Amino acid sequence: MANIDIDIKNYLTSSTTGNFFLLAGPCVIEGEEMALDLAEQLVKITTPLNIPLVFKGSYRKANRSRIDSFTGIGDFKALEILKKVRDTFGIPVVTDIHETHEAALAAEFVDILQIPAFLCRQTELLLAAARTGKMVNIKKGQFLAPEAMKYAVEKVRSEGNDKVCVTDRGTLFGYHDLIVDMRAFPVMKQACNCPAIADITHSLQQPNTASGVTGGQPEMIATIAKSAIAAGADGIFMETHRDPSKALSDGANMLPLDRVDDLLHRLTAIRYALG
């Protein structure tokens, strides 16, 4: 393994192929073997399609419904695994942070700091992420209009950091469902002047269930993904696992790894058809 230096903004936005980029991986880092296995397979799938890949994995899950939900294998252990993925395959990695003190810590290991949707208005968190100099991916709150994301982006840029992107993960529709407004992608791109990403798995969650365990509609992942690419999304975010039924977090709305290749071929065809 060797440490690598990645110009993340250029990596995502200067593709001569004109294809979308992909943030993909497990919901949470469950162990080194599974992370390296998933990363290896994703590299094999995305390379021939000319899809810039960012490996995604949470080092700790802070926003669980139930007190007994799995939250992680240990912060430093998980972050070291993310760094090993980065150095082994030469690809950037992204993880989410929840409190200001996590920004500097996570920035030592990853290329992109992700702000969870429920925290997208937390000024100090956004500023702390921006000060690291890392790219900041801000997920749109389920309660926000797409154009309102420009204010979150402005907070990052106020620190002199122009490496920022925004992600739509659905909007609350009643208590137990989310919807994706395809107008969000062109609206956010124009309002924020940065890449807009479609989260095609979390947007199919069915949250706030009486059991405290989030449900989902994974059979609709391809529908959301194809619609988002057609609507002009610059990137796709998705969670995947070899066996979602055994995933320790958010398995109900993951795409099985063995279905990723077919989906990405279909999305690439749509992207190239758009010109």
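Computed from a predicted structure; not experimentally measured.

(A) Looking closely at the nonpolar core. In this structure, Phe55, Ile115, Ile138, Met149, Ile200, Met238 and Leu264 are the most contacted members of the largest nonpolar core, which totals 72 residues. If one sorts the elements of this core by residue count, helix 2 (residues 32–46) sits on top with eight residues.

(B) How the structure looks around the side chain of Asp199. Within the secondary structure, Asp199 is located in strand 9 (residues 196–199). Residue class for Asp199 comes out buried when judged on its relative accessible area of 1%. Ignoring sequence-local partners within four residues, the contact set of Asp199 consists of Lys139, Thr167, Asp168, Arg169 and Phe237.

(C) Representation of helix 3 (residues 75–89) within the structure. Taking 1.5 Å per residue as the helical rise, helix 3 with its 15 residues ought to reach 21 Å, and the 22 Å between its terminal C-alpha atoms agrees with that figure. The complete set of buried residues in helix 3 reads Ala78, Leu79, Ile81, Leu82, Val85, Arg86 and Asp87. Where the residues of helix 3 are buried, they touch helix 2, strand 2 (53–56), strand 3 (93–96) and helix 4 (100–107).

(D) Focus on the side chain of Ser58. The residue Ser58 is located in the loop between strand 2 and helix 3 in this model. Judged by relative accessible area, which is 1%, Ser58 ranks as buried. A polar side-chain atom of Ser58 sits 2.6 Å from a polar atom in the side chain of Asp96. Setting aside its immediate chain neighbours within four residues, Ser58 contacts Pro26, Cys27, Val28, Ile29, Thr95 and Asp96.

Calculation notes
- Residues numbered from 1 in each chain as written.
- Predicted model: local features only at pLDDT ≥ 70, side-chain atom pairs only at ≥ 80, totals over all residues.
- Heavy atoms only, no water.
- Core = buried A, V, L, I, M, F, W, Y, C linked by side-chain atoms within 4.5 Å.
- Buried < 20%, exposed > 50% of the residue type's maximum accessible area, 1.4 Å probe, protein only.
- Helix = DSSP H or I, 4+ residues; strand = E, 2+ residues; numbered from the N terminus.
- Contact = heavy atoms within 4.5 Å.
- Expected span 1.5 Å × (residues − 1).
- Polar contact = N/O pair within 3.5 Å; in protein donor to acceptor, adjacent residues only side chain to side chain.

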